[in-house]
Amino acid sequence: MATNARGLGLTFAGEIAVVTGAAGGIGAAVADTLLAAGLTVLGLDRAAPRPAAEHGERLRSASVDVTDRAGLAEALDELRGGQPLSYVVSCAGILDETGFAGVDGTRWSRTLDVNLVGSYHVLDVAGERFAAAGGAMVNVTSIESDRVIALSNPDPNPAYAASKAGLAMLTKTAARALAGRGIRVNAVSPGFVATPMAGSHGDVTNLPETLAPRVPLGRFATPAEVASVVAFLLSDQAAYVTGADYRVDGGFGLT
């Protein structure tokens, strides 16, 4: 039996969104969701740019490392063509499987530079190019920002967890600093998502036996489900939301 779709559509007063980490995983899903909403997306990633395909000029991509502030500014100026920005979604991040003991300074620095300092560069450089009317930003953090996750592997990764905790606090700092310019800043903290990063640890079709009892909804999230929450936080319907952290964890935080 066919069902009638009902709902309230999201609206977006702005036109151009920046998405980092846009070549795959949650970043690609966010880019696709915003393109479907009619926005122009500037997709940034260290990997090769995604083809424009059916989106044409509304998807403009560049290869750039978020730790390269000058390169980031150059890429944004080239892609935006003089138009102001209205939205930013910072998805770029790395997970270095180190375990707790003996992590050297190089590995610490790389993780913090990408996940925390790089995200700051994105917020700051993009913010300088925002429309006068303001807009919205979302940082993709992690449930590891405030909880030790050591289920499939009991040896946690301190640099990753610390970087995501720092990003959660950066979100609040940015929300306070940019509110006067009409720019809202929020975070989304995904739990277990079926992405290539998660797939490197094994099958993402079903939750592993050690994890399944801890996730009340009983499955991995899809990247599109995380992207939908990001889209809401960018939308006009979230106009009074700033400094918040939305957990997308299938109820893991309840167990």
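Above this text sits the structure in question.
Quick summary incoming for the structure in this document.

Conventions adopted
- Residues numbered from 1 in each chain as written.
- Predicted model: local features only at pLDDT ≥ 70, side-chain atom pairs only at ≥ 80, totals over all residues.
- Heavy atoms only, no water.
- Helix = DSSP H or I, 4+ residues; strand = E, 2+ residues; numbered from the N terminus.
- Rg over C-alpha atoms; globule rule 2.2 N^0.38 Å.
- Contact = heavy atoms within 4.5 Å.
- Areas by Shrake-Rupley, 256 points an atom, 1.4 Å probe, with all protein chains shown as cover.
- Salt bridge = Lys/Arg side-chain N within 4 Å of Asp/Glu carboxyl O.
- Buried < 20%, exposed > 50% of the residue type's maximum accessible area, 1.4 Å probe, protein only.

This part covers the overall build of the protein. Scanning the protein from N- to C-terminus turns up six helices and seven strands. For the protein, the N- to C-terminal ordering of α and β elements is β-α-β-β-α-β-α-β-α-β-α-α-β. Here the C-alpha atoms of the protein give a radius of gyration of 18 Å, agreeing with the 18 Å that 2.2 N^0.38 yields for 255 residues. C-alpha extents for the protein along the principal axes are approximately 60 × 50 × 35 Å. Taking the intrachain contacts of the protein between residues at least 6 apart in sequence as the baseline, contacts between residues at least 24 apart amount to 73%. For the protein, the computed accessible surface area is about 12,200 Å², with 56% contributed by carbon and sulfur atoms.

Counting across every chain of the model gives 10 salt bridges. A salt bridge links D77 to R80; the shortest N-O distance between them is 2.9 Å. Highlighted residues: D77 and R80, both in helix α2 (residues 69–80), separated by three residues, approximately one helical turn. Using a relative accessible area of 16% as the deciding quantity, one classes R80 as buried. Across the pair R247 and D146 runs a salt bridge, and its minimum N-O distance is 3.3 Å. Highlighted residues: R247 in strand β7 (residues 245–248) and D146 in the loop between β5 (135–140) and α4 (158–178), separated in sequence by 101 residues. Taking relative accessible area as the criterion, R247 reaches 37% and is therefore assigned partly exposed. Several salt bridges converge on common partners, so that one network encompasses R69, D77, R80, D124, E128 and R129.

Structurally, T40 can be placed in strand β2 (residues 40–45). The class of T40 is buried, set by a relative accessible area of 12%.

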